[in-house]
Amino acid sequence: MVVGVPEGISVSDWAHFGATATFHGNVGITGSLTVGATLTVSGGGVFGATVTTRILNTVRYINQYATAGTGISGSPWTGWESGLVEGIPCHFPSGYYSTAGTSVGVTLTNTTSRTRITGDGSGSSIITITGGTGQFRIYGSGAGTRVLQSVHIDGLNITAGANNSSAGIFSVENLDAGSYVGDILVDGTSTFGITTAIQVLNCENCNFGMLTARGWAPTPGAAGNIATGLNITTDDGIQRGNMNFAQCHLTNVARGLSISSSGGSLDNLFFGVMKAVNSSLVSGTTAVSMAGNAEQITFGDLHIEAFGFGLIATSVENLTVVNGLVSQISGTAFKITNGDGGRILCRLNGTSGGYLLDGTTTRYIIQQGTVSGVTTHYTDSSSGANLL
């Protein structure tokens, strides 16, 4: 509630306000004062004890924390990093932002912090990372922060302002139940390359909306190329998973999607629409790569175009492609090694190789879609029993 206190009121013990407290005159308090939202004193204030303000639901507009700039492309807001804090909704209004440090780094120290970091849309709130290893990173830090619940991040454009070699120029880590990340666009620009556009590290029980990694050149290592568009991985020795990715669009990348574990494992990942497309075919590139300790990976609609290889999976259990199109592949569209259980329905167009099953791959069902311009449609050199 809002309480207006006229001039002349004396508080000798304590005062508690659940919302906004506004004092139009002088304030003298000899006890303690607790305000649940905002404290405004237009006159003078004398406090004999403790003043506590708990800004629980007040949105921080990050441009207001900038120390320089006007928010246009030629004069982005800078010095705003101190405005990003845990547990308070932080919003990037439409405009251009820049950070000269090596990391934006939001340190979340409460597993149920319910932190919200939002923008006005991936085409409107544009944040340029100028450090060569800089990141826009949301992660858990300190003891007891293995998981971060109910974190919400959306509506941001992360742009490279230098060649970026970080683990992920946009990185979310340790997210758990109730967390959502969506409408994120990572842009390499035509000038700079990015090693990894989006990193999802040690996360589980999360939902992801639209994720876009936009490179400008298909040749690995070239200006404007993205080496890896989306990297989903673990490194903490724990089984992670139960994540839904509604729509991913990865363009001009040497490797589109990477799923791997360095200790631990990943299971139950669902991709509604996964699109990896390069502007021209360059050998040595791979659209989707999955390696070890992964299971129950499902693609609702998979679209791959202009890569050296389409999908390569090693030691993956229960891989399913409900519907797909793979075209302009100089190597093999699908290579499954040591797989156990899976079903693929996909249309092939203009690929050197179609399906290659090898190693101990077993219990796979390949449902033949339309085939056009495929040199070798199906090869099974595995020791298992599979069905075309």
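Along each chain, residue indices are assigned from 1 in the same order as the chain's sequence is written. Under the rules for a predicted model, residues below a pLDDT of 70 receive no local features and side-chain atom pairs below 80 are neither given nor counted, while totals for whole chains, interfaces and linings still include all residues. Computation of side-chain values: all heavy atoms of the structure, hydrogens and water removed.

A few words now on the overall build of the protein. Secondary structure counts use DSSP, requiring at least four H or I residues in a row for a helix and at least two E residues in a row for a strand, with both numbered from the N terminus. If you tally the helices and strands in the protein, you get 0 helices and 30 strands. Each residue is placed in one exposure class: buried if its accessible area under a 1.4 Å probe, protein chains only, is under 20% of its type's maximum, exposed if it is over 50%, and partly exposed if it falls in between. By residue count, 51% of the 388 residues in the protein fall in the buried class. For the protein, long-range pairs separated by at least 24 residues make up 58% of all intrachain contacts whose partners lie at least 6 apart in sequence. Only carbon and sulfur atoms are counted for the fraction: they give 49% of the accessible area of the protein, which is about 15,200 Å². Working rule for contacts: check all heavy atoms of both residues, and any pair within 4.5 Å makes them a contact. The Shrake-Rupley method, run with a 1.4 Å probe, gives the accessible areas here. Residue values count only the displayed protein chains as cover.

For salt bridges, the criterion is a side-chain nitrogen of Lys or Arg within 4 Å of an Asp or Glu carboxyl oxygen. Going through the model one piece at a time under the given rule, you end up with 5 salt bridges. Aspartate 236 serves as the salt-bridge partner of arginine 240, at 2.6 Å between the closest nitrogen and oxygen. Residue classification places arginine 240 among the buried positions, given a relative accessible area of 2%. Given the relative accessible area of 23%, aspartate 236 is considered partly exposed. One salt bridge connects aspartate 340 with arginine 363, and the closest N-O pair in it is separated by 2.5 Å.

Pairing of aromatic rings covers Phe, Tyr and Trp, the last counted by its six-membered ring, and requires centre-to-centre distances within 6.5 Å; plane angles under 30 degrees mean stacked, over 60 mean edge-to-face, and any other angle means tilted. Throughout the structure, instances matching the rule amount to 10 aromatic pairs. When the centroid spacing of 4.4 Å and the interplanar angle of 10° are considered together, the rings of phenylalanine 208 and phenylalanine 245 count as stacked. Of this pair, phenylalanine 208 sits in strand β20 (residues 207-214) while phenylalanine 245 sits in strand β22 (residues 239-251), placing them 37 residues apart in sequence. On the basis of relative accessibility, which here comes to 2%, the residue phenylalanine 208 falls in the buried class.

The residue threonine 233 is located in strand β21 (residues 226-234) in this model. Two N or O atoms count as a polar contact when they lie within 3.5 Å, although within protein this holds only if one can serve as hydrogen donor and the other as acceptor, and sequence-adjacent residues are included solely when both atoms are side-chain atoms. In terms of polar contacts, threonine 233 uses its side chain to reach the backbone carbonyl oxygen of serine 260, at 3.1 Å.

Next up on the list: the nonpolar core. Here, the term nonpolar core denotes a set of buried Ala, Val, Leu, Ile, Met, Phe, Trp, Tyr and Cys residues that are joined through side-chain atoms within 4.5 Å. Counting residues in hydrophobic clusters, the biggest one holds 76 residues, and the most contacted among them are Phe136, Phe170, Ile232, Phe271, Phe299 and Phe334. No other element matches the 9 residues that strand β25 (residues 286-307) contributes to this core. Setting aside chain neighbours within four positions, we find phenylalanine 170 in contact with Phe136, Ile138, Ile153, Ile158, Val181, Ile184, Val186, Ala197, Ile198 and Gln199.

Moving on, we come to the pairing of β25. Buried residues dominate β25, accounting for 16 of its 22 residues. Examined bridge by bridge, strand β23 (residues 253-261) and β25 share 5 bridges and lie parallel to one another. Opposite leucine 257, over in β25, you have valine 288 as the bridge partner. Inspection of the sheet shows strand β24 (residues 265-277) paired to β25 by 10 bridges, in the parallel sense. Among the inter-strand pairings, valine 277 is bridged to a residue of β25, identified as glutamate 305. Being paired, for any two strands, means DSSP has found at least two bridges between them. Of the strand pairs in this sheet, β25 and strand β26 (residues 309-321) are connected by 10 bridges, and their pairing is parallel. Each residue of the ladder has a partner; that of phenylalanine 299, found in β26, is valine 321.

Positive phi outside glycine occurs at alanine 306, with the angle close to 70°. One can find alanine 306 in strand β25. Residue asparagine 338 is not a glycine yet carries a positive backbone phi of 55°. Judged by its relative accessible area of 31%, asparagine 338 is partly exposed.

With respect to the secondary-structure elements, threonine 159 resides in strand β16 (residues 152-160). At 2.6 Å, the side chain of threonine 159 forms a polar contact with the side chain of asparagine 157. In contact with threonine 159, not counting residues within four places along its chain, are Ile126, Ile127, Thr128, Ile129, Ile169, Asp187 and Thr189.

As a further point, take the state of the cysteines. In this description, a disulfide is simply a cysteine sulfur pair whose atoms lie within 2.5 Å. A complete count under the given rule lists 0 disulfides for this structure. Note on cysteine 203: no disulfide assigned, nearest cysteine sulfur contributed by cysteine 206 at a separation of 5.1 Å. The buried category is assigned to cysteine 203, whose relative accessible area is 1%.

The next subject is the confidence of the model for the protein. A score from 0 to 100, pLDDT tells how confident the predictor is in each residue. Confidence along the protein averages 84 in pLDDT terms, with 79% of residues attaining 70 or more. Put simply, strand β8 (residues 51-53) is where the protein has its lowest mean pLDDT, 47, and β20 is where it has its highest, 98. Confidence drops under a pLDDT of 50 for residues 34-38, and excluding neighbours within four residues, the segment shows 27 contacts in the predicted structure.

By secondary structure assignment, the location of alanine 217 is in the loop between β20 and β21. When the C-alpha atoms of alanine 217 and serine 190 are compared, they prove to be 7.3 Å apart, with 27 residues separating the residues in sequence. Setting aside residues no more than four positions away along its own chain, alanine 217 makes contact with Ala222, Ala223, Gly224, Asn225 and Asn252.

Quick look at the environment of phenylalanine 170 now. Looking at the element boundaries, phenylalanine 170 is found in strand β17 (residues 170-173). Looking at phenylalanine 170, the relative accessible area reads 1%, which means it is buried. Between the C-alpha atom of phenylalanine 170 and that of glutamine 199, which follows or precedes it by 29 residues, the distance is 6.4 Å.

Looking now at the environment of glycine 221. For glycine 221, the location among the structural elements is in the loop between β20 and β21. Distance from glycine 221 to valine 253, taken between C-alpha atoms, is 9.9 Å for residues 32 residues apart in sequence.

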